[in-house]
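# Summary of the model geometry
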Amino acid sequence: MKKLHASSQYIGLLNKLKIDCEKCSGLCCVALYFAKAEGFPADKAPGEPCKNLMPDFRCSIHSELAQCKLKGCMAFDCFGAGQKVTQSIYSNKTWCNTPKKASEIYDVFLIVYRLHQMLWYLLEAFAIAPAAMLEKDMEALILENEHMTNLPPDEILTLDIDNYRTRVNQVLKKAAKLVFAATNSTAESKKGTDFMGKNFKNTNLDGKDFSMALLIAANLEGCSLYGTNFLGADLRDTNIKNADLSESIFLTQGQVNAAIGNRNTKLPAVLTYPTTWQ
Ligand code: SF4
């Protein structure tokens, strides 16, 4: 089968979207709302630091997250928004050393997080060979995204993100359709999104549209997933052991971190194997 992902001129930009907690001020562990039921240590309100966050912004139980079954912490991926906000937008002014700015910093973080997530998907779409005809549209949206995240905080806070998101979604949908056509898939078109616990073991799911699907605890072991669309799918505890996701589309590191795989799971080249996988 032909490779769907080509090498991209944006590999440098893609690397900047990789999470780098060392360069952040623990923003996700403070700014976000958490629920214990979703795999975080306790219920907490936005702006309240997690009790495990240390003064140097490290997590005191980082090496025990898997043992403590803190799936929410393990799966969360800020798409590099944490380091961007801490280092570049606020030049190391943090919620801790500049408490008067804390609330503004959290709001900016949430906007940059959404923008970086969309940028990740755009960069992924840009690297998909069958979507090459959308290159100009994607390039314009990528440049617009970069421009927005380089604005000063007061301007970031007034951005019309919903309008931008609508335009991004339109391009991503077109890209997904082109991939579907290129897979020569016989997978049935989308029927529902709830596949919680469903057993697909060893099924050919090439070209299947799992966008926004609930795949919690579903069994995708040994599945072929060529061109399968995982945009926004919930992969918590999804079994992807021995599955081939190397040419799946719109798969993120957070989804992979939340799933259960092994060393025989094949991942897209831009994603890494969670340390917890055997
Ligand atoms: S447990 Fe650690 S990683 Fe999870 S929210 Fe708290 S400080 Fe962050």
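It should be noted that the structure appears before, not after, this text.
Quick look at the structure, then. Being a predicted model, the structure only gives us computed values, none of them experimental. (Residues numbered from 1 in each chain as written. Predicted model: local features only at pLDDT ≥ 70, side-chain atom pairs only at ≥ 80, totals over all residues. Heavy atoms only, no water.)

Now for the overall build of the chain. A tally of regular secondary structure across the chain gives nine helices and zero strands. Taken from the N to the C terminus, the helices and strands of the chain come in the order α-α-α-α-α-α-α-α-α. The C-alpha radius of gyration computed for the chain amounts to 19 Å, which stays within 12% of the reference 19 Å derived for 278 residues, consistent with globular compactness. In terms of overall dimensions, the chain has C-alpha extents of about 55 × 45 × 30 Å along its principal axes. Looking at the chain as a whole, 50% of its 278 residues qualify as buried. Considering only intrachain contacts with a sequence separation of at least 6, the fraction spanning at least 24 residues in the chain is 45%. Of the roughly 13900 Å² of accessible surface on the chain, 53% is carried by carbon and sulfur atoms. (Helix = DSSP H or I, 4+ residues; strand = E, 2+ residues; numbered from the N terminus. Rg over C-alpha atoms; globule rule 2.2 N^0.38 Å. Buried < 20%, exposed > 50% of the residue type's maximum accessible area, 1.4 Å probe, protein only. Contact = heavy atoms within 4.5 Å. Areas by Shrake-Rupley, 256 points an atom, 1.4 Å probe, with all protein chains shown as cover.)

Here we take up the site of the ligand. Around the ligand, a shell composed of Cys29, Phe34, Pro41, Cys50, Asn52, Leu53, Cys59, Ile61 and Cys73 is seen. Residues of the shell around the ligand, tallied by class, amount to eight nonpolar, one polar and no charged. (Near = heavy atom within 4 Å. Nonpolar A, V, L, I, M, F, W, Y, C, P; charged D, E, K, R; others polar.)

Taken across its nine residues, helix 4 (residues 81–89) has seven buried, putting it largely inside the fold. Residues of helix 4 that are buried include every one of Ala81, Gly82, Gln83, Lys84, Val85, Thr86 and Ile89, and no others. Taken from the residues just after helix 4, Ser91 is the one with a positive phi, measuring 45 degrees.

What follows deals with the packing of helix 6 (residues 135–149) against helix 8 (residues 161–182). With their axes 10 Å apart at the nearest point, helix 6 and helix 8 run at an angle of 150 degrees to one another. Compared by their axis directions, helix 6 and helix 8 come out roughly antiparallel. Considering the relative orientation of helix 6 and helix 8, their crossing is left-handed. From helix 6, Asp137, Met138, Leu141, Glu144, Asn145 and Met148 reach across to helix 8, where they touch Tyr164, Arg167, Val168 and Val171. In the contact of helix 6 with helix 8, the residues fall into six nonpolar, one polar and three charged. (Axes fitted to C-alpha atoms, helices over the stretch in contact; angles between N-to-C directions. Parallel < 35°, antiparallel > 145°, perpendicular 65-115°, else oblique. Left-handed = near helix turned anticlockwise from the far one by under 90°.)

To continue, consider the nonpolar core. As a rule of thumb, soluble globular proteins bury nonpolar side chains together. Judged by nonpolar contacts, the single largest core of 81 residues is most densely connected at Val85, Leu215 and Phe230. Listed by contribution, the elements that provide at least two residues to this core are helix 1 (11–16), helix 2 (28–31), helix 4, helix 5 (102–126), helix 6 and helix 8. When residues of this core are assigned to their parent elements, the largest contribution, 17 residues, is made by helix 5. Excluding residues within four positions of it along the chain, Phe230 makes contact with Phe210, Ser211, Leu215, Leu220, Leu225, Leu235, Leu245, Ser248, Ile249, Phe250, Leu251 and Gln255. (Core = buried A, V, L, I, M, F, W, Y, C linked by side-chain atoms within 4.5 Å.)

With respect to the helices, strands and loops of the structure, Gly232 is situated in the loop between helix 8 and helix 9 (253–258). Spatially, the C-alpha atoms of Gly232 and Glu155 are 28 Å apart, while their sequence positions differ by 77 residues. If near-sequence neighbours (up to four positions away) are discounted, Gly232 is found in contact with Tyr121, Met212 and Gln255.

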